[in-house]
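Residues per chain, in single letters:
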Amino acid sequence: MTIFMARDCSSATAGATAQEPGARRRSGRIVGLAWMAALLMIALTARLGFWQLDRAAQKQALQAQQAQRGQLPALDAATLARTPEQSVAQLQRTVRLQGRWAPEATVFLDNRPMAGQVGFHVLTPLRLDDGSAVLVQRGWVPRHRLQRDLLPPVHTPDGPVSLLARVIAEPSRLRELGEPVLTGPIRQNLDLATAARETGLTLRPLVLLQLDAPGQPSGTDGLRRDWPAPDFGIERHHGYALQWFALSALGSGLLLWFGWLRPRLSSRNDPET
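Because the structure is a prediction, the values reported are computed rather than measured.

Caption draft 1: Highlighting the overall build of the protein chain. When you go through the protein chain residue by residue, the secondary structure sums to 4 helices and 7 strands. When the 273 residues of the protein chain are sorted by exposure, 34% land in the buried category. Taking as baseline every contact in the protein chain between residues at least 6 positions apart, the subset at least 24 positions apart corresponds to 66%. When the accessible surface of the protein chain is summed, it comes to about 17,500 Å², and 60% of that surface belongs to carbon and sulfur atoms.

Caption draft 2: Inspection of the nonpolar core at higher detail. Residues Leu135, Leu190 and Leu203 are the most contacted members of the largest nonpolar core, which totals 18 residues. Contributions of two or more residues to this core are made by strand S2 (107-109), strand S4 (133-142), strand S5 (161-168), helix H3 (192-199) and strand S7 (203-210). Once residues within four sequence positions are removed from consideration, Leu203 is found in contact with Pro125, Ala133, Val134, Leu135, Leu192, Ala195 and Ala196.

Caption draft 3: Up close: the environment of Leu203. Mapped onto the elements, Leu203 comes out in strand S7. We classify Leu203 as buried; its relative accessible area is 16%. Once the C-alpha coordinates of Leu203 and Leu126 are considered, the two residues, 77 residues apart in sequence, prove to be 9.1 Å apart.

Caption draft 4: Inspection of the side chain of Gln137 at higher detail. In this fold, Gln137 is placed in strand S4. In contact with Gln137, not counting residues within four places along its chain, are His121, Val122, Leu123, Ile168, Pro171, Val207, Leu208, Leu209, Gln210 and Trp227.

Caption draft 5: Fine view of empty space enclosed by the protein. The final tally for this structure, using the stated rule, is 1 cavity of 30 Å³ or more. Considering only enclosed or pocket space, the largest cavity measures out at about 40 Å³ in volume. Lining the largest cavity, in full, are Ala105, Val107, Pro125, Leu135, Leu190, Ala195, Glu198 and Thr199. No other element matches H3, which puts 3 residues into the lining of the largest cavity.

Caption draft 6: Structural view of the packing of aromatic side chains. Counted under the stated rule, the structure contains 2 aromatic pairs. With centroids separated by 5.8 Å and ring planes inclined at 85 degrees, the aromatic side chains of Phe108 and Phe120 adopt a geometry described as edge-to-face. Placement of Phe108 in strand S2 and of Phe120 in strand S3 (residues 119-127) is noted, with a sequence separation of 12 residues between them. Since its relative accessible area comes to 0%, Phe120 is described here as buried. Above the face of the Trp101 ring, Arg138 is positioned so that its terminal group lies 4.5 Å from the ring centre.

Caption draft 7: Just H3, in detail. Inspection of H3 places Leu192, Thr194 and Ala195 among the buried residues, and these make up the whole buried set. The arc that holds the buried residues of H3, viewed along the axis, is 160 degrees, so those residues lie on one side. Summarising the contacts, the buried residues of H3 are in contact with S4, strand S6 (186-187) and S7. In this structure Asp191 caps H3, since a side-chain oxygen of it lies 3.2 Å from the backbone nitrogen of Ala193.

Caption draft 8: Layout of the pairing of S3. Along S3, 8 of the 9 residues are buried, which leaves the element largely enclosed by surrounding structure. Here strand S1 (residues 94-101) runs beside S3; their pairing, made up of 2 bridges, is antiparallel. Within S3, the residue paired with Trp101 across the bridge is Leu126. Of the pairings in the sheet, the one linking S2 to S3 comprises 3 bridges and is antiparallel in character. Paired with Val107 across the two strands is Leu123, which belongs to S3. Strand direction decides the pairing type here: S3 and S4, joined by 9 bridges, are antiparallel. The residue of S4 that forms the bridge with Val122 is Gly139.

Rules behind the numbers
- Residues numbered from 1 in each chain as written.
- Predicted model: local features only at pLDDT ≥ 70, side-chain atom pairs only at ≥ 80, totals over all residues.
- Heavy atoms only, no water.
- Helix = DSSP H or I, 4+ residues; strand = E, 2+ residues; numbered from the N terminus.
- Buried < 20%, exposed > 50% of the residue type's maximum accessible area, 1.4 Å probe, protein only.
- Contact = heavy atoms within 4.5 Å.
- Areas by Shrake-Rupley, 256 points an atom, 1.4 Å probe, with all protein chains shown as cover.
- Core = buried A, V, L, I, M, F, W, Y, C linked by side-chain atoms within 4.5 Å.
- 1 Å grid on protein atoms, 1.4 Å probe; cavity = no way out; pocket = protein on both sides within 12 Å on 5 of 7 lines; lining within 4 Å.
- Points joined across faces, edges and corners; volume = space filled by probe spheres on them.
- Phe/Tyr/Trp six-rings, centres within 6.5 Å; stacked < 30°, edge-to-face > 60°.
- Lys NZ or Arg CZ within 6 Å of the ring centre and 35° of its normal.
- Arc of directions from axis to C-beta.
- Polar contact = N/O pair within 3.5 Å; in protein donor to acceptor, adjacent residues only side chain to side chain.
- Pairing = 2+ DSSP bridges.

Right, here's the structure in full:
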């Protein structure tokens, strides 16, 4: 019986010895894959952080470019863009125009807050002397608290008007839930193609943001024009970059701890090593 037990023990020991190299290889492969995954995660998050910094730098360059454009001499009807390519080069340029309003084509863009109040952006085409027109975001008015479809009073002169404005691409757009409202004076969004089709006017390929002329009283037409500065989202890109770099640093710290420091501390405290 002792002989048989010795044989069994010898067989078990031999089997365990034979299995140890395979188990070690599998363990080594798992550790290697874990290292590769950790290094890939660190590299990817660091790359995304630098990409966000690059986007922020691009937005800063665009902001500086448009700020420089705002210091250039004001455009007039003769120099105002007639093609989309020209309009891109004139973004944020100041404009001085003379023309006549088309009040029948006025549109009120809903859900546009200002100074903590909900209201409308008022857009009206301005007919120019050459027969073309330009869509003007004239100002902001508050919405009635109870009757959402009640239009606020806006004074629109009948005769010729002089206008000081800044070139923008199109009115700001909001996400619409359900079917968009495409008719009527109150809308959620309005684009140039729709405005041109509805009014029959030859609209220039841009929108003007009306400004209060220096030396003239503000709000005489019932509209507020204390527009906020354009938001290029630079701080948002910096925030995203900080998050990605934090994840990269966290991954590096975990890899350093579990892959190098902890095994060495364990081997020093192990009396059998």
